[in-house]
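Take a look at the letters that make up each chain.
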Amino acid sequence: MQRRAAIQANAEARAEKVAGIVIPLRDAGKPLRQIADHLNRAGVQTARGGRWQASQVKRVLDRLSRT
């Protein structure tokens, strides 16, 4: 149970880290794919150090809406 809580806390911290980029773009009506492209161009890495995909942006937005 502690491991799961630690993973969730880590994911929430990463979501908060990119919230300043993701939320304004989404509020401006940008699609998830364009937000992912923006994050990639800005050099923001995913948790595993890879490139952003639309599905990952969706999960970040979902996580931020729960907090």
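Model, not experiment: these values are computed from the prediction. (Residues numbered from 1 in each chain as written. Predicted model: local features only at pLDDT ≥ 70, side-chain atom pairs only at ≥ 80, totals over all residues. Heavy atoms only, no water.)

### Some remarks on helix α1 (residues 2-27)
Selection rule: What counts as a helix is a DSSP run of H or I of at least four residues, what counts as a strand is a run of E of at least two, and both are numbered from the N terminus. Here the expected length of a helix is defined as 1.5 Å per residue gap, with one fewer gap than residues. Here the bend at each residue means the angle between axes fitted to two seven-residue stretches, the one ending at that residue and the one beginning there. Summary of the burial criterion: residues with accessible area below 20% of their type's maximum are buried, those above 50% are exposed, and those between are partly exposed, where the area comes from a 1.4 Å probe applied to protein chains only. Only heavy atoms matter for contacts: two residues are in contact if any of them lie within 4.5 Å across the pair.
Taking 1.5 Å per residue, 26 residues should reach 38 Å; α1 reaches 35 Å between its end C-alpha atoms and fits that length. By the largest-angle criterion, alanine 19 marks the main kink of α1, which is about 60°. Along α1, the positions that sit buried rather than exposed are Ala11, Ala15, Val18, Ala19, Val22 and Leu25. Buried positions along α1 lie against α2 (32-41) and α3 (54-66).

### Quick notes on the side chain of asparagine 40
Position of asparagine 40 relative to the elements: it lies in helix α2. Setting aside residues up to four positions removed in sequence, asparagine 40 forms contacts with Arg33, Arg51 and Trp52.

### Focus: the environment of alanine 13
You can see alanine 13 is positioned in helix α1. With relative accessibility at 46%, the residue alanine 13 sits in the partly exposed group. As a C-alpha pair, alanine 13 and leucine 64 span 51 residues in sequence and 9.9 Å in three-dimensional space.

### Overview of the environment of glutamine 2
Within the secondary structure, glutamine 2 sits in helix α1. A relative accessible area of 72% places glutamine 2 in the exposed class. Residues glutamine 2 and leucine 61, spaced 59 residues apart in sequence, show a C-alpha to C-alpha distance of 24 Å.

### Focus: the nonpolar core
Applied cut-off: Each nonpolar core is a collection of buried residues, namely Ala, Val, Leu, Ile, Met, Phe, Trp, Tyr and Cys, held together in the definition by side-chain atoms within 4.5 Å.
Formed by 14 residues in total, the largest nonpolar core has its most connected members in Val22, Ile35, Leu39, Trp52, Val57 and Val60. Of all the secondary-structure elements, those providing two or more residues to this core are α1, α2 and α3. The element that contributes the greatest number of residues to this core is α1, accounting for five residues.

### Remarks on the pattern of salt bridges
What counts here: What makes a salt bridge here is a side-chain nitrogen of Lys or Arg within 4 Å of a carboxyl oxygen of Asp or Glu, nothing more.
Counting across every chain of the model gives two salt bridges. Note that arginine 33 is salt-bridged to aspartate 37, the shortest N-O span being 2.8 Å. Of the two residues, arginine 33 and aspartate 37 are both situated in helix α2; the distance of four residues between them amounts to about one turn of the helix. Salt-bridge contacts for aspartate 62 lead to lysine 58; the nearest nitrogen and oxygen are separated by 2.9 Å. Within this pair, aspartate 62 and its partner lysine 58 are both found in helix α3, separated by four residues, close to a single helical turn.

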